Amino acid sequence: MATIRVNGRQWEVSSPPDTPLLYVLMNELELKGPRFGCGLAQCGSCSVLIDGVESRSCVTPLRAVGAKAVTTLEGLAPDNAVAAAMVEEQALQCGYCYNGMIIKATELLAKNKKPSVAQIKTAMNGHLCRCGTYPRIVRAIQRAAGVLA
């Protein structure tokens, strides 16, 4: 048994220490935010925040979490400015990238309240969108930055 802190709550989990965090979140905690995409940390759909830093949960073993705080999409504030802006800009269509885009943009805006377009593109590099709505995603992050400023 291991204890992990997810979305502000302590959980006892029975998975072996080498189990990818994604499987613990999906199978034991029944969270739907982080998604399996590629299993190779290349698409970003499994992203979570670990102590405020975006991490790919598909390649993060449970043992690496320890006492750190894990935040999933479900653990973000219900009035998350990034999520609202994504809807307003109609940035997300199929939902494949939704989790990773929101998590990464939330991390970016926590560190940089007014990122340039170049900074947004650099930060979001490695988050794949099957629908190709990248310009809308950039606009949504700019909109969220404006709301948060």
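Novice: Explanation requested: the pattern of salt bridges in the structure shown.
Specialist: Scanning all chains against the criterion turns up seven salt bridges. Note that Arg139 and Glu89 form a salt bridge whose closest N and O atoms lie 3.2 Å from each other. Taken as a pair, Arg139 in helix 6 (residues 134-148) and Glu89 in the loop between helix 3 (81-88) and helix 4 (98-111) lie far apart in primary sequence, 50 residues in all. With relative accessibility at 16%, the residue Glu89 sits in the buried group. Each of Glu54, Arg56, Lys104, Glu107 and Lys111 takes part in salt bridges that share partners, so that together they form one network.

Novice: How should helix 3 be read in this particular structure?
Specialist: In an α-helix there are 3.6 residues to a turn, and that puts residues three or four apart on one side. Along helix 3, the residues that are buried comprise Ala81, Val82, Ala83, Ala85 and Met86. Buried residues along helix 3 sit in contact with helix 4 and helix 6. Measuring from the side-chain oxygen of the N-cap residue of helix 3 to the backbone nitrogen of Val82 gives 2.9 Å; that N-cap residue is Asn80. Following helix 3 by one or two positions, Gln90 has its phi on the positive side, about 50°.

Novice: Which parts of the structure should I look at to understand the sheet that holds strand 1 (residues 2-6)?
Specialist: Within a sheet, neighbouring strands are paired by backbone hydrogen bonds and run either parallel or antiparallel to one another. Ordered in space as 2-1-5-3-4, the five strands form an open sheet in which the pairing is mixed. Every other strand in the sheet has two partners, leaving strand 2 (9-13) and strand 4 (53-56) as the edge strands with one partner each. Taken over all neighbouring pairs, the strand axes of this sheet differ in orientation by 40° on average, direction set aside. One ladder, built from four bridges, connects strand 3 (residues 47-50) with strand 4; its direction is antiparallel. For Leu49, the partnering residue across the bridge sits in strand 4 and is Glu54. Most of the contacts of helix 4 go to strand 3, to which it runs at about 30°, and overall it touches strand 3, strand 4 and strand 5 (69-71).

Novice: I keep staring at the nonpolar core and nothing clicks. Help me out?
Specialist: Soluble globular proteins: nonpolar side chains tend toward being buried together. Within the largest apolar cluster, 29 residues are counted, with the highest numbers of intra-cluster contacts made by Val82, Met86, Leu92, Met101, Ile102, Ile137 and Ile141. Breaking this core down by element, the ones donating at least two residues are helix 3, helix 4, helix 5 (117-124) and helix 6. Apart from the residues within four sequence positions on either side, Met86 is in contact with Ala91, Leu92, Met101, Ile102, Ile137, Ala140 and Ile141.

Novice: Explanation requested: the packing of aromatic side chains in the structure shown.
Specialist: Ring pairs (aromatic) are described by centroid distance and by the angle formed between their planes. Counted by the stated rule, this structure contains zero aromatic pairs. Seen from the ring of Trp11, Arg9 lies directly overhead, with NZ or CZ sitting 3.9 Å from the centre. A cation sits over an aromatic face here: Arg130 above Tyr96, 3.7 Å from the ring centre.

Novice: In this structure, what is going on with the side chain of Ser55? I would like to understand it.
Specialist: Take Ser55: it is sitting in strand 4. When its relative accessible area of 17% is taken as the criterion, Ser55 is described as buried. Dropping the residues within four chain positions of it, Ser55 is found in contact with Cys46, Ser47, Val48, Ile50 and Thr60.

Novice: Looking at this structure, I do not really get helix 1 (residues 21-28). What am I missing?
Specialist: Taken as a whole, helix 1 has its buried residues at Leu21, Leu22, Val24 and Leu25. On an axial view of helix 1, the arc spanned by its buried residues comes to 170°, and they lie on one face. On its buried side, helix 1 packs onto strand 1, strand 2, strand 3, helix 2 (62-65) and strand 5. Just past helix 1, the residue Glu30 takes up positive phi, approximately 55°.

Parameters and conventions
Along every chain, residues carry numbers that run from 1 in the direction the sequence is written. Residue-level local features of this predicted model are given only where pLDDT is at least 70; pairs of side-chain atoms are given and counted only at 80 or more, and the full residue set underlies all totals for whole chains, interfaces and linings. In computing side-chain values, all of the structure's heavy atoms are included and hydrogens and water are not. Put simply, a salt bridge is a Lys or Arg side-chain nitrogen that is within 4 Å of an Asp or Glu carboxyl oxygen. In this description a helix means any DSSP run of H or I spanning at least four residues, a strand means any run of E spanning at least two, and both kinds are numbered starting from the N terminus. Burial classes follow relative accessibility: with a 1.4 Å probe on protein chains only, a residue under 20% of its type's maximum area counts as buried, one over 50% as exposed, and anything between as partly exposed. Contact criterion: two residues are considered in contact whenever any of their non-hydrogen atoms come within 4.5 Å of each other. Polar contact is defined as a pair of N or O atoms within 3.5 Å, subject to the rule that within protein one atom must be able to donate a hydrogen and the other to accept it, and that residues adjacent in sequence are counted only when both atoms are side-chain atoms. One bridge is not enough; two strands pair if DSSP finds at least two bridges between them. Axis geometry follows a simple rule: fit a line to the C-alpha atoms, using only the stretch in contact for helices, then measure angles between N-to-C directions, giving values from 0 to 180 degrees. Side-chain atoms within 4.5 Å are what join buried Ala, Val, Leu, Ile, Met, Phe, Trp, Tyr and Cys residues into a set we call a nonpolar core. What counts as a ring pair is set by centres within 6.5 Å for rings of Phe, Tyr and Trp (its six-membered ring), and what kind of pair is set by the plane angle: stacked under 30 degrees, edge-to-face over 60, tilted for all other angles. Only when the NZ of Lys or the CZ of Arg is both within 6 Å of the ring centre and within 35 degrees of the ring normal is a charge said to sit over the ring. Directions pointing from the helix axis toward each C-beta atom define the arc.

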